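Coordinate inspection notes
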Amino acid sequence: MKTEKNILVAFILNLGFSVFEFFGGLFTGSVAILSDSVHDMGDAASIGISYFLEKKSKKKADKTHTYGYIRYSVLGGLITTVILIVGSILVIIGAIKRIMNPVKINYSGMILLGIIGVILNFIAAFETKDGDSLNQKSVNLHMLEDVLGWIVVLLGAILMNFTDIRIIDPILSICVSTFILINTLKNLKEITDLFLEKTPKNVDIEKIKKDILKIKGIDDVHHIHVWSIDGINNYATMHIVSKEKDIESIKKKIRKTLEEDNICHAILETEPEVCSEKECHPKLKHEEKD
């Protein structure tokens, strides 16, 4: 609920400021500010999508989404991240053009807008700093980009006001956009790993195996598969070999051990002896038929 509220606050602040920024750009005659207002409107749209998907991700499991709607939050993070990557690249391209063709700007107006921009975007960044979902991290990265961007606008306007060196602004813009782009690509990799169902970073398969084998009555554990739905909740499936009669007690101990190893839900298949490779791999069975 807190994550949803934070994203909603960020959306309202971003949308309101982008409209204010647009008219500020017209007033100052700054093409840079006008361009940034369009960029911020795109940000607001992506944050609005993120808010909708974050809210949807809280729905309980049903017949069509048996694991629940948790991954909709990740989808929101993906959309926001892609928009941020495209936006950063466009800013860099625009900044390069401005280096070659500097534009005349109302420096006093830029300074005033810069101060307001830093304050409002800092509030939005502060509101979205807490939260574990990849969606919120992506939104916070958006807000961080805007804070840094407006700090650049403010510093650039002050420097240009005294020196009239107009290329200062685009040079600083390139530096900030590159920094944001690098961090966004890292976030994209994390999201991609989730969709590829790679083993979560906070899970050690070998440690899980050793911890389970320490439980009395377990002869072997194999075919351990671990993945994450949203980067927070980890799931696992595995085969447990045990000749114990009270198998439910064994399962209870395993699940308690798995919780300590960052697994929140596990499907345990028990068997009296180690199964053959072919029995555990449907793909091998298919190949055998061919």
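Cut-offs and rules
- Residues numbered from 1 in each chain as written.
- Predicted model: local features only at pLDDT ≥ 70, side-chain atom pairs only at ≥ 80, totals over all residues.
- Heavy atoms only, no water.
- Axes fitted to C-alpha atoms, helices over the stretch in contact; angles between N-to-C directions.
- Helix = DSSP H or I, 4+ residues; strand = E, 2+ residues; numbered from the N terminus.
- Parallel < 35°, antiparallel > 145°, perpendicular 65-115°, else oblique.
- Left-handed = near helix turned anticlockwise from the far one by under 90°.
- Nonpolar A, V, L, I, M, F, W, Y, C, P; charged D, E, K, R; others polar.
- Buried < 20%, exposed > 50% of the residue type's maximum accessible area, 1.4 Å probe, protein only.
- Pairing = 2+ DSSP bridges.
- Contact = heavy atoms within 4.5 Å.
- Right-handed = clockwise from strand over helix to strand, strands pointing away.
- Patch = residues over 30% accessible without salt bridge, like charges linked within 9 Å, V, L, I, M, F, W, Y side chains within 5 Å.
- Areas by Shrake-Rupley, 256 points an atom, 1.4 Å probe, with all protein chains shown as cover.
- Salt bridge = Lys/Arg side-chain N within 4 Å of Asp/Glu carboxyl O.

**A closer look at the packing of helix α3 (residues 71-100) against helix α6 (residues 168-195)**
Where α3 contacts α6, the two axes come as close as 8 Å, and the packing angle between them is 155°. One way to sum up the angle between α3 and α6 is to call them roughly antiparallel. When you trace α3 past α6, the crossing you get is left-handed. Taken together, the residues of the contact of α3 with α6 sort by class into 21 nonpolar, eight polar and three charged.

**Some words on the environment of leucine 213**
Mapped onto the secondary structure, leucine 213 falls in helix α7 (residues 205-213). Using a relative accessible area of 36% as the deciding quantity, one classes leucine 213 as partly exposed. Measuring from C-alpha to C-alpha, the distance between leucine 213 and valine 241 comes to 9.9 Å, with 28 residues separating the pair along the chain.

**What to know about the sheet that holds strand β1 (residues 220-228)**
Ordered in space as β1-β2-β3, the three strands form an open sheet in which the pairing is mixed. At either margin of the open sheet sits one strand with a lone partner, and together these are β1 and β3 (265-271). Geometrically, the sheet is characterised by an average inter-axis angle of 10° between neighbouring strands, direction not taken into account. Along the sheet, α7 makes contact with β1 and β2 (234-241), crossing β1 at roughly 135°. Packing against the sheet, helix α8 (residues 247-260) makes contact with β2 and β3, and its axis sits at approximately 145° to β3.

**As for the pairing of β2**
If a strand is regular, its side chains alternate between the two faces of the sheet. With seven of eight residues buried, β2 lies mostly within the body of the structure. By the bridge criterion, seven bridges tie β1 to β2 in an arrangement that is antiparallel. Each bridged residue has a counterpart across the sheet, and for valine 226 the counterpart in β2 is alanine 236. Counted between consecutive antiparallel strands, the loop separating β1 from β2 contains five residues, among which glycine 231 sits at a positive phi close to 90°. Sheet topology note: the β2/β3 ladder contains seven bridges and is parallel. What sits directly across from threonine 237, in β3, is isoleucine 267. Taken together, β2, α8 and β3 constitute a β-α-β crossover, and its handedness is right-handed.

**Observations concerning the packing of α7 against α8**
Viewed as axis vectors pointing N to C, α7 and α8 meet at an angle of 145°, and their least axial separation amounts to 10 Å. Crossing of α7 against α8: the hand is right-handed. Seen from α7, the contacting residues are Ile208, Asp211 and Ile212; seen from α8, they are Ile254, Thr257 and Leu258. Here the contact of α7 with α8 is built from residues that sort into four nonpolar, one polar and one charged.

**Quick look at a nonpolar patch on the surface**
Taken together, the side chains of Leu15, Val19, Phe22, Phe23, Leu26 and Met41 present a nonpolar region at the surface, about 520 Å² in accessible area. In terms of residue count, the dominant contributor to the nonpolar patch is helix α1 (residues 2-28) (five residues). Along the chain, phenylalanine 23 turns up in helix α1.

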